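A closer look at the structure
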Amino acid sequence: MTRQGWSPARRDVLRLALGAGLGFCAAGRVDAQDAGARRARPQPNDRFVFAGGLRKNELVTLADLPPDGPPAVTYPMDPATKIVRDESRLNQVLLVRLDPSRLNSDTRARAAEGIVGYSAVCTHTGCDAWDWQPAAGVVKCPCHFSEFDLKNGAQVLNGPAPRRLPALPLRIVDGVPVVGGVFIGRPGFETGGG
Amino acid sequence: MSVRTLAVVAAAVTAVLGPAMLAAQSPISYTAVTEQRLLNPEPNNWLMYRGNYAGWGYSPLDQITPANAKNLVPVWSFSTGVTEGHQAPPIVNNGVMFVTTPQQQVFALNARTGDLIWRYKKELPEDLLQLHPTNRGVALLGERVYVATVDAHLVALDARTGKVLWDTTVDDYKNGYYFTMAPLVAKNKVMIGTSGGELGIRGYVAGFDAETGKPAWKTHTIPGPGEPGHDTWSGDAWKTGGVSVWLTAHYDPQLNLSFWGTGNAAPWPGDMHAGDNLYSSSVIAIDVDTGKIRGHHQYHWNDSWDWDEVSTPLLIDFTKDGRTVKGLVHPGRNGYLWRLERQAGGIKFVDARPFVTQEVFTKIDPVTGRPTYDPERKPRAGASVTFCPGLWGGKDWPPAGYNPKTNYLYVPANENLCSTLVGQAAPYEAGKLFLGIDRPKTSMSQRQGATHIGELQAWDMATGKKAWAHTFQDGLWGPILTTGGGLVFMGGTNDRNFRAFDAKTGAKVWEYKTNSGVTGVPSSFAVDGVQYVAVQSGWGVDAQRMQARLDTFRNTKTEVPQGGVIWVFAVRN
Ligand code: FES
């Protein structure tokens, strides 16, 4: 097609495109809202579902979190729309139940019935698999062996991670753990170098 | 207009106008890299990952010698501003140096003064997982600089300005595909392989048009249904069977073949993917025009030890039974030194011998090279299996070097280490670790009575015998540079030293304590008649992981500071 004026054929094409576009827009808005909800970080009152494994997307209940672990890797879920916020890996939350008397005061204040919540993405270079050390209440990242003390705000004990895992305050509602606040700190890692 | 014609025109323009005019027209004076130059790199330049297509890591420059190396001093240094594993060689074209770093930076520097010409940094996705936060360098052709990225792109930059000329999304990082290697450039193609062997990918090598970045061919390292070798996999294991390719291939222009080393089969224990698993832990010969596989040799079948054989064999001709063999020489992660013959019709086994203690192979078939295993030392589901060498093998990725003057092959080896793995099957999930082991039960140990781990070994290619070895107490992660002046340069230890050895005798003639551990590939170049040696210091990735494992079983804590610096050394007059 040349750039000489607007031929009728071209105008029809344009009108068609606009009409179709409007239709797409309406549908697109819903999709965009969903995508926004799926991307959003954990929101107060969100429930948790398993992030993977055989029980992927099933609701996490207190019974799924036995004392002293192991931890569960979860995604938050909007309780009203049931939208799971799994668009970004950075929304994954690590949940584990510890003896409340072992938690330091800040950690205890955020915990619910001893259950603590943290970003499940390692602050080193972003792995999200965890090895559990129940006696110490410590998770170890298998990628480069950073260790985080979940009793003490996920403080770094060992390894290359530059900072702790962001904590997530929790509550118990209707017998299940729910999100009680927002991440304290930014989940994920920094690439550095300005 | 082809690149070759462009280059010829550029050369003609240079001849007519002179370099000063060209410099006036553009920010820097830059010499186009032609195919001819890549085939015959000038001694003063380091135009590709290992300096030449044969993969020798050899510079013919001979100003720095065992006699004057003690006078080596830093001429300039440059902070990269990032941590993690700095592994890329400084690549130099007529006084312009290109260096990549972790977190996807490329620096162009004046190789003589260290002044920054430009810097490129790719914005990486916030949800990226970096199992190997590193990059191993650029490739050059014409006036373009190519870099393969950790979020699975292939990018071409303008060598003069650092501007992005094209950026091809090759794969989806969310499924575990990522690139760490320096690309190979030959016949107007840019070629890369994919990492992700721990994330259940299906590996491949892919070629792209060097001018446009358009995909030219893609060859999977695991044959699909109907392709030869597919029947060496059971069930659906081929779909997530790993076989990554993460080091630059070497290239034989006469045969028009590139030689790629391939990674481990995934998940690690072999009973989770029964069969030989072609082309895992192999070398494959790929036609650079078509991407067709023309031959292969599998070093060990049904890999169960995480023994990637991604290091590319060096193209070295040697004599065997009175006959000159156009060879491929590979010190393997499996602890054997392999000698193969490269032919138009394929790759032929010649011989193999262990270069570190190897307790897994009980014999090697003298004709085919196929090893037989001690079944008790082959990891599998539900059993705790200890094997030596351990999962980092006799030699991991740091490239070996070859010096045609000494006719020695230099191997950065690790001896006396063993691993224990307990196999445990787990379902594949896209982009997640897919190791098939009970991770907390994984451990490393040292053989009884061992006095050291690292070994710099020199092997005489005339006799096939070890000529000398230099030992190091801890792990060795030092890529090799060897020079016409009769030296071997290598870092790789946790004490931050970068060293020079007499290539003939193995005597250490110089060392210098840098900012961090040196796991970078060293290079050598000359500007205005002065020879320099350049290397990046910046500890991280597997060197750091091995150190953490050593610390665990020894109950020690070794701090190696991180943060990258490019160092350039010359002899003080
Ligand atoms: S990503 Fe966790 S220690 Fe590196």
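Structure shown above.
Keep in mind it's a predicted model, so treat the numbers as computed, not measured.

Residues and elements named next belong to chain B. One open sheet accounts for five strands, arranged S1-S34-S35-S36-S37; its pairing is mixed. Looking at strand neighbours, the two that pair on one side only are strand S1 (58-59) and strand S37 (508-513), the edges of this open sheet. Where strand S35 (residues 487-490) and strand S36 (residues 497-502) come together, four bridges link them in antiparallel fashion. Along S36, the bridge assignment pairs Phe489 with Ala500.

One turn of the α-helix equals 3.6 residues, which is why residues spaced by three or four share an orientation. All names here are of chain B. Counted at 1.5 Å a residue, the expected span for helix H3 (residues 541-554) with its 14 residues is 20 Å, and the 20 Å between its end C-alpha atoms agrees. Burial runs high along H3: 10 of the 14 residues are buried. Here H3 has its buried residues at Val541, Asp542, Ala543, Gln544, Arg545, Met546, Gln547, Arg549, Leu550 and Asp551. Buried-residue contacts for H3 involve strand S3 (85-86), strand S8 (134-135), strand S29 (408-414), strand S30 (417-422) and strand S31 (443-446). Following H3 by one or two positions, Asn555 has its phi on the positive side, about 60°.

What follows covers the layout of surface pockets. Over the atoms rolls a probe the size of a water molecule, and its path tells where empty space is left. In this structure, the largest pocket spans a volume of roughly 1,100 Å³. In terms of lining, the largest pocket is formed by 32 residues, of which the most central are A:Ala129, A:Trp130, B:Ala426, B:Glu429 and B:Arg439. For the lining of the largest pocket, the secondary-structure elements that each account for two or more residues are strand S2 (72-77) and strand S5 (131-133) of chain A. Partitioned by chemical class, the residues of the lining of the largest pocket number 20 nonpolar, five polar and seven charged. The computed volume of the second largest pocket comes to approximately 660 Å³. For the lining of the second largest pocket, the elements supplying multiple residues, two or more each, are S5 of chain A together with S31 and H3 of chain B. For the lining of the second largest pocket, the leading source of residues is H3(B), giving five residues. Taken together, the residues of the lining of the second largest pocket break down into 16 nonpolar, 11 polar and 12 charged.

Looking now at the interface of chain A and chain B. Contact residues are listed per partner, giving 29 residues for chain A and 25 residues for chain B. Summed over both partners, the interface of chain A with chain B comes to about 2,200 Å²; 48% of that surface belongs to carbon and sulfur atoms. The interface formed by chain A and chain B includes three salt bridges. For B:Lys432, the salt bridge identified is with A:Asp128, shortest N-O distance 3.1 Å. Across the chain A-chain B interface, the total number found is 14 residue pairs in polar contact (both at pLDDT 80 or more). Its residues placed into classes, the side of chain A that touches chain B shows 11 nonpolar, 13 polar and five charged.

Reading the values: rules and limits
Residues numbered from 1 in each chain as written. Chains lettered and ligands numbered in written order. Predicted model: local features only at pLDDT ≥ 70, side-chain atom pairs only at ≥ 80, totals over all residues. Heavy atoms only, no water. Pairing = 2+ DSSP bridges. Helix = DSSP H or I, 4+ residues; strand = E, 2+ residues; numbered from the N terminus. Expected span 1.5 Å × (residues − 1). Buried < 20%, exposed > 50% of the residue type's maximum accessible area, 1.4 Å probe, protein only. Contact = heavy atoms within 4.5 Å. 1 Å grid on protein atoms, 1.4 Å probe; cavity = no way out; pocket = protein on both sides within 12 Å on 5 of 7 lines; lining within 4 Å. Points joined across faces, edges and corners; volume = space filled by probe spheres on them. Nonpolar A, V, L, I, M, F, W, Y, C, P; charged D, E, K, R; others polar. Buried area = accessible area lost by both parts, 1.4 Å probe. Salt bridge = Lys/Arg side-chain N within 4 Å of Asp/Glu carboxyl O. Polar contact = N/O pair within 3.5 Å; in protein donor to acceptor, adjacent residues only side chain to side chain.

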